[in-house]
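Here's the letter readout for the chains.
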Amino acid sequence: MKVLIACEESQEVCKAFRAKGHEAYSCDIQMCSGGHPEWHICNDVLDIINGNTDFFTCDGKQHTVETWDMIIAHPPCTYLTNVATRHYSLKCTPAEKVVERMKHREESIVFFMQIVSANAPKIAVENPIGRMNTVFRKADQIIHPYMFSNGPEDSEQFVTKATCLWLKGLPVLRPTYTGDKPDNGKLFGRYSNGKSRTWEETRHSGKDRAKVRSKTFKGIAFAMAEQWGNIKEDKDDERRNDKGI
């Protein structure tokens, strides 16, 4: 399959699909950090998302894609996540900043909808719980990294981080770990007010925390490639989300 991983500079999902033999490309306005510039398109994804296009990867080679078989997208969530809700309140944010954030939020919504409306039979769009759950529709699935980990001994992935998936022509992901969810208080400690600390607060400084949070966990990337990369065209598959994004 020809697979486009939109808004991905880490190349985690791209590499997982490449390992399964698919012609996958990551695309982002940033240069890739995944070590494979020959699979990365440093460009605005909207220029290529509907196929019927020529593009260059970062090694200078030209490629042609008539239609993408699958698109997996991670649009920026800065202005869409519920975490940012308080920044839209005049009680704690100056009016001019609220107006600016509202403008950016509307731009983010339009960008999200351009992706979900792309010309591809299989689409998955990932974002945290937030604005799109009400502006668009509820997500088809909410996943956490620990659901695709090797259990409590898998310290890098046995963590919580709610991620929504909106799906078209794809089944929900089947978790590979079905045990109890992590207890963040026991794993990472608690603040003086009793609130549990989280994995990114203990492992990464504030400077790089946002970039770290945006990367797809290896277990989730592997599950996407393993499960979605082997889909057979079966219209009777009850797990398939055929209602469209």
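For the structure, see preceding data.
Since we're looking at a predicted model, the values are computed, not measured.

### Quick look at the pattern of salt bridges
When charged atoms on two side chains of opposite charge get close, those side chains can pair.
Part 1: A complete count under the given rule lists six salt bridges for this structure.
Part 2: The residue Glu23 makes a salt bridge to Lys2 at a minimum N-O spacing of 2.6 Å. Of the two residues, Glu23 is situated in strand E2 (residues 23-28) and Lys2 in strand E1 (residues 2-6); the sequence distance between them amounts to 21 residues.
Part 3: On the basis of relative accessible area, Glu23 is assigned to the partly exposed category, the value being 26%.

### A word on the sheet that holds strand E6 (residues 70-73)
Part 1: The seven strands are arranged E3-E2-E1-E6-E7-E9-E8 in an open sheet whose pairing can be described as mixed. Looking at the sheet topology across the chains shown, the edges are occupied by strand E3 (40-42) and strand E8 (141-143). Along the sheet, successive strands turn relative to each other by an average axial angle of 20°, direction set aside.
Part 2: Examined bridge by bridge, strand E7 (residues 122-127) and strand E9 (residues 163-168) share five bridges and lie antiparallel to one another. Note that in E9 the partner of Ile123 across the bridge is Lys168.
Part 3: Of the strands in this sheet, E1, E2 and E6 are in contact with helix H1 (residues 12-19), which crosses E2 at around 170°.

### Quick word on the packing of aromatic side chains
Part 1: For the structure on display, the rule yields eight aromatic pairs.
Part 2: An angle of 65° between the planes, with centres 6.2 Å apart, marks the rings of Phe112 and Phe136 as edge-to-face. Of this pair, Phe112 sits in helix H2 (residues 95-116) while Phe136 sits in the loop between helix H3 (132-135) and E8, and the two are 24 residues apart along the sequence.
Part 3: Among the residues examined, Phe112 registers a relative accessible area of 0% and is labelled buried.

### Thoughts on H2
Part 1: End to end, H2 covers 32 Å across 22 residues, agreeing with the expected 32 Å (1.5 Å per residue, within 8%).
Part 2: Within H2 the residues assigned to the buried category are Val98, Arg101, Arg105, Ser108, Ile109, Phe111, Phe112, Ile115 and Val116. The buried residues of H2 occupy an angular sector of 165° when the element is viewed end-on, so they sit on one face. Exposed side of H2, more than 90 degrees from the buried face: Glu96, Val99 and Lys103 are the residues found there.
Part 3: Check the buried side of H2 and you find it contacts E6, E7, H3 and E9.

Rules used in this analysis
Residues numbered from 1 in each chain as written. Predicted model: local features only at pLDDT ≥ 70, side-chain atom pairs only at ≥ 80, totals over all residues. Heavy atoms only, no water. Salt bridge = Lys/Arg side-chain N within 4 Å of Asp/Glu carboxyl O. Helix = DSSP H or I, 4+ residues; strand = E, 2+ residues; numbered from the N terminus. Buried < 20%, exposed > 50% of the residue type's maximum accessible area, 1.4 Å probe, protein only. Pairing = 2+ DSSP bridges. Axes fitted to C-alpha atoms, helices over the stretch in contact; angles between N-to-C directions. Contact = heavy atoms within 4.5 Å. Phe/Tyr/Trp six-rings, centres within 6.5 Å; stacked < 30°, edge-to-face > 60°. Expected span 1.5 Å × (residues − 1). Arc of directions from axis to C-beta.

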